[in-house]
Amino acid sequence: MDIKCKNCGQMIDENDKYCKYCGYLIPQKEEEIPLSRQALDDKVQELKATIYEEDIVDSKLWPLEDLKVKREGDRNSLYSKSIMYTILSFLLAIVFLVGAIIAKVLIPIDIVAFICLFIFMLAMLTCFGFTLERYYNSQGIKRLQDNQISIRKYGFKKPAEVLIDGHVFEIIIDKPCPICEGDIIGDLHIEKIEKKVVVVCNINRKHIYSIDEMQFVTALKTGKIEIVNNK
């Protein structure tokens, strides 16, 4: 394929390194080097920027028909169950602690005593961690407010939930980010930023949509939002 020399204007072959008429050095196309896994991870981290209030103001509304909810149950029942799990896991942690002490004192063989002590202590720490997780989960259930979307830490995830007439619903988004392009397409989650509810891309936090909280609650009450089964 022929191209025009930028220096003299004569037509030359695009693969030529020099213009055969004036000797001008032809700029060569740089080959695209695929990103390494580390470079790709670094790029992703750069895109996970802090979201500011001005980023939310100009964001589009997320269509309510692309949201689903899952009924989690009655808030009082969920709270009572979480409190019960908190107490049981705490008592179990105490039992394992006592077991560790007994193993250390009563088992005469040092290596066996050490193994039993290690197992009991590991089980105790696990139960204690579960106790803390259940406790904070209980407090999160207690703080839910009627007709408002809340982000509650639940185990290793932070689901968006709404409390309506004493019933807790988890909001679900199962669509990929519509703004992402190329090979990397992020999934979405819901956050509350500056008391505003937003849909945020997990890859690029500048990909933001807003949710009108009042419209969402009204649509859920009137049956315009799909309620999926709690499996």
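Residues numbered from 1 in each chain as written. Predicted model: local features only at pLDDT ≥ 70, side-chain atom pairs only at ≥ 80, totals over all residues. Heavy atoms only, no water.

Caption draft 1: How the structure looks around the overall build of the protein. In terms of regular secondary structure, the protein is built from five helices and eleven strands. Counting every position in the protein, which comprises 231 residues, the buried fraction comes to 32%. Expressed as a percentage of contacts within the protein between residues at least 6 apart in sequence, the contacts between residues at least 24 apart total 52%. By element, 57% of the accessible surface of the protein is carried by carbon and sulfur atoms, the whole surface being about 15900 Å². (Helix = DSSP H or I, 4+ residues; strand = E, 2+ residues; numbered from the N terminus. Buried < 20%, exposed > 50% of the residue type's maximum accessible area, 1.4 Å probe, protein only. Contact = heavy atoms within 4.5 Å. Areas by Shrake-Rupley, 256 points an atom, 1.4 Å probe, with all protein chains shown as cover.)

Caption draft 2: View of the nonpolar core. With 26 residues, the main nonpolar core has Ile 211 and Phe 216 as its most contacted residues. For this core, the elements supplying multiple residues, two or more each, are strand E6 (160–164), strand E7 (167–172), strand E8 (188–193), strand E9 (196–201) and helix H5 (213–221). Looking at which element gives the most residues to this core, the answer is H5, with four residues. Once residues lying within four places of it in the same chain are set aside, the contact partners of Ile 211 are Leu 61, Trp 62, Leu 67, Ile 149, Ile 190, Val 197, Val 199 and Phe 216. Of all hydrophobic cores here, the second largest spans six residues; its members include Ile 51, Val 198, Val 200 and Ile 208. (Core = buried A, V, L, I, M, F, W, Y, C linked by side-chain atoms within 4.5 Å.)

Caption draft 3: Spatial organisation of the layout of surface pockets. A volume near 270 Å³ is recorded for the largest pocket. In terms of lining, the largest pocket is formed by 15 residues, of which the most central are Glu 72, Leu 78, Arg 134, Arg 152 and Tyr 154. Per element, the largest residue contribution to the lining of the largest pocket is four residues, and it comes from helix H3 (residues 75–106). Looking at the lining of the largest pocket, its residues break down into four nonpolar, three polar and eight charged. (1 Å grid on protein atoms, 1.4 Å probe; cavity = no way out; pocket = protein on both sides within 12 Å on 5 of 7 lines; lining within 4 Å. Points joined across faces, edges and corners; volume = space filled by probe spheres on them. Nonpolar A, V, L, I, M, F, W, Y, C, P; charged D, E, K, R; others polar.)

Caption draft 4: Layout of the pattern of salt bridges. Taken as a whole and judged by the stated rule, the model has eight salt bridges. Close ionic contact of Asp 66 with Lys 175 constitutes a salt bridge, the shortest N to O distance being 4.0 Å. Placement of the pair is Asp 66 in the loop between strand E3 (60–61) and strand E4 (68–74) and Lys 175 in the loop between E7 and E8, with a sequence separation of 109 residues. Judged by relative accessible area, Lys 175 falls into the partly exposed class, the value being 36%. The salt bridge involving Glu 213 is made with Lys 192; its shortest N-O contact spans 3.6 Å. (Salt bridge = Lys/Arg side-chain N within 4 Å of Asp/Glu carboxyl O.)

Caption draft 5: Up close: the pairing of E8. Of the pairings in the sheet, the one linking E8 to E9 comprises six bridges and is antiparallel in character. Paired with His 189 across the two strands is Val 200, which belongs to E9. Connecting E8 to the next strand, E9, in antiparallel fashion are two residues, including Glu 194 with a positive phi near 50 degrees. (Pairing = 2+ DSSP bridges.)

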